[in-house]
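# Fold and geometry: a report
Each chain, letter by letter, is given below.
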Amino acid sequence: MTFKTALSRLLNRIKHGLRLRDAQGGGKYSVGRGVFLGKKSKVGAWTYIQAHTYIGYGTKIGRYCAIARDAEIGPPHHDYNLISSHEFLTHRNRFIGVPGYIGELWKPIRIHKRPPTILEHDVWIGTKATVLRGVRIGTGAIIGANTVVTKDVPPYAIVGGVPARIIRYRFPEETIGSLLASRWWLLDPAELDAFDLASPAESAEAILERTKAFPKKA
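Residues numbered from 1 in each chain as written. Predicted model: local features only at pLDDT ≥ 70, side-chain atom pairs only at ≥ 80, totals over all residues. Heavy atoms only, no water.

## Considering the overall build of the protein
From N to C terminus, the protein includes 4 helices and 17 strands. When burial is assessed residue by residue, the protein has 39% of its 218 residues classed as buried. The long-range share in the protein, meaning contacts at least 24 apart out of those at least 6 apart in sequence, stands at 28%. Element-wise, carbon and sulfur atoms account for 55% of the exposed surface of the protein, whose accessible area totals about 13000 Å². (Helix = DSSP H or I, 4+ residues; strand = E, 2+ residues; numbered from the N terminus. Buried < 20%, exposed > 50% of the residue type's maximum accessible area, 1.4 Å probe, protein only. Contact = heavy atoms within 4.5 Å. Areas by Shrake-Rupley, 256 points an atom, 1.4 Å probe, with all protein chains shown as cover.)

## A word on helix 2 (residues 173-182)
Considered for burial, the residues of helix 2 that qualify are T175, I176, S178, L179 and S182. The buried residues of helix 2 occupy an angular sector of 160° when the element is viewed end-on, so they sit on one face. Those residues of helix 2 that are exposed and aimed more than 90 degrees away from the buried face are E173 and E174. One or two steps after helix 2, the chain reaches R183, where phi turns positive at roughly 50°. (Arc of directions from axis to C-beta.)

## Quick look at the nonpolar core
Ranked by size, the top nonpolar core spans 25 residues in total, and within it I61, I67, L119, I125, I137, I143 and V153 carry the most contacts. If you list the elements that add at least two residues to this core, you get strand 2 (28-31) and strand 16 (157-160). Ignoring any residue separated from it by four or fewer positions in sequence, one finds I143 in contact with W124, I125, G126, A129, I137, V149, V153 and V159. Judged by nonpolar contacts, the second largest core, of 12 residues, contains Y64, I176, L179 and W184. (Core = buried A, V, L, I, M, F, W, Y, C linked by side-chain atoms within 4.5 Å.)

## Comments concerning the side chain of S178
Residue placement: S178 occurs in helix 2. Given a relative accessible area of 16%, S178 falls into the buried group. Dropping the residues within four chain positions of it, S178 is found in contact with A204 and E205.

## Comments concerning the pairing of strand 2
Of the two faces of strand 2, only one is covered, namely that formed by Y29 and V31; the face formed by K28 and S30 stays uncovered. Strand direction decides the pairing type here: strand 2 and strand 5 (residues 48-49), joined by 2 bridges, are parallel. The residue of strand 5 that forms the bridge with V31 is I49. (Pairing = 2+ DSSP bridges.)

## A look at the pairing of strand 17 (residues 165-169)
Where strand 16 and strand 17 come together, 4 bridges link them in antiparallel fashion. Bridging from a neighbouring strand, A157 pairs with Y169 of strand 17.

## What about the pattern of salt bridges?
Under the criterion given, the structure shown has 4 salt bridges. With its nearest N and O atoms 2.6 Å apart, the salt bridge here joins R210 to E191. Placement of the pair is R210 in helix 4 (residues 200-211) and E191 in helix 3 (residues 189-192), with a sequence separation of 19 residues. The exposure class of E191 is partly exposed, given its relative accessible area of 27%. (Salt bridge = Lys/Arg side-chain N within 4 Å of Asp/Glu carboxyl O.)

## Things to note about the packing of aromatic side chains
For the structure shown, the criterion picks out 4 aromatic pairs. Each ring, one from Y64 and one from W184, has its centre 5.2 Å from the other, and the planes form 50°; the classification is tilted. One end of the pair, Y64, is in the loop between strand 7 (60-61) and strand 8 (66-67); the other, W184, is in the loop between helix 2 and helix 3, and 120 residues separate them in sequence. Neither residue differs from the other here; Y64 and W184 are each classed as buried. On the basis of an interplanar angle of 75° and a centroid distance of 6.1 Å, the ring pair of W184 and W185 is categorised as edge-to-face. Exposure remark for W184: the relative accessible area of 14% places this residue in the buried category. Every member of this aromatic cluster is reached through a ring pair, and the members are Y64, W184 and W185. (Phe/Tyr/Trp six-rings, centres within 6.5 Å; stacked < 30°, edge-to-face > 60°.)

Keep in mind these numbers describe shape, not what the thing actually does.
As structure tokens, then:
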């Protein structure tokens, strides 16, 4: 089954919640009841998305991410520099069916498209958090509940608040470097099970011996 086919089935059945085969690496990801997955969005292996979360158009989510319920990831952008922030200026068919509305006398306004939202790997998004479109969340970062993220978040940072600010980092700088170099998220659960994961620094060094032969872009 191709990723496009799997995603199509997902969009048709999403209100019921389901598990399906991930397109990359043969892993599984879990999607809860009422989740909305936008077109051209991608979800990595071993990631789970809990109920009623919104994943916007083109959002890219890495492996081993944990997204809590009622989160908003990459919602649509409204251009407030126009006469109205309403989307009828960019979507001409918004009022089709309204008596007297023609919608053919002017062309839809093209607004600057922001880049997609990106969640790298091992990202934890708390309940009711919002990550704006175009933001990049680094590997290992944690986004607190009810946080609004308006700017990129560095790897392994813990952020919270409105707007989000860095509270602290999960590990010392040296350990963060080792974890990023190890690319442990490329391993499947059965492979990770062979390592003692209780010590992040020590396990990262051991895993690096396993992953250093992997392609650099993986």
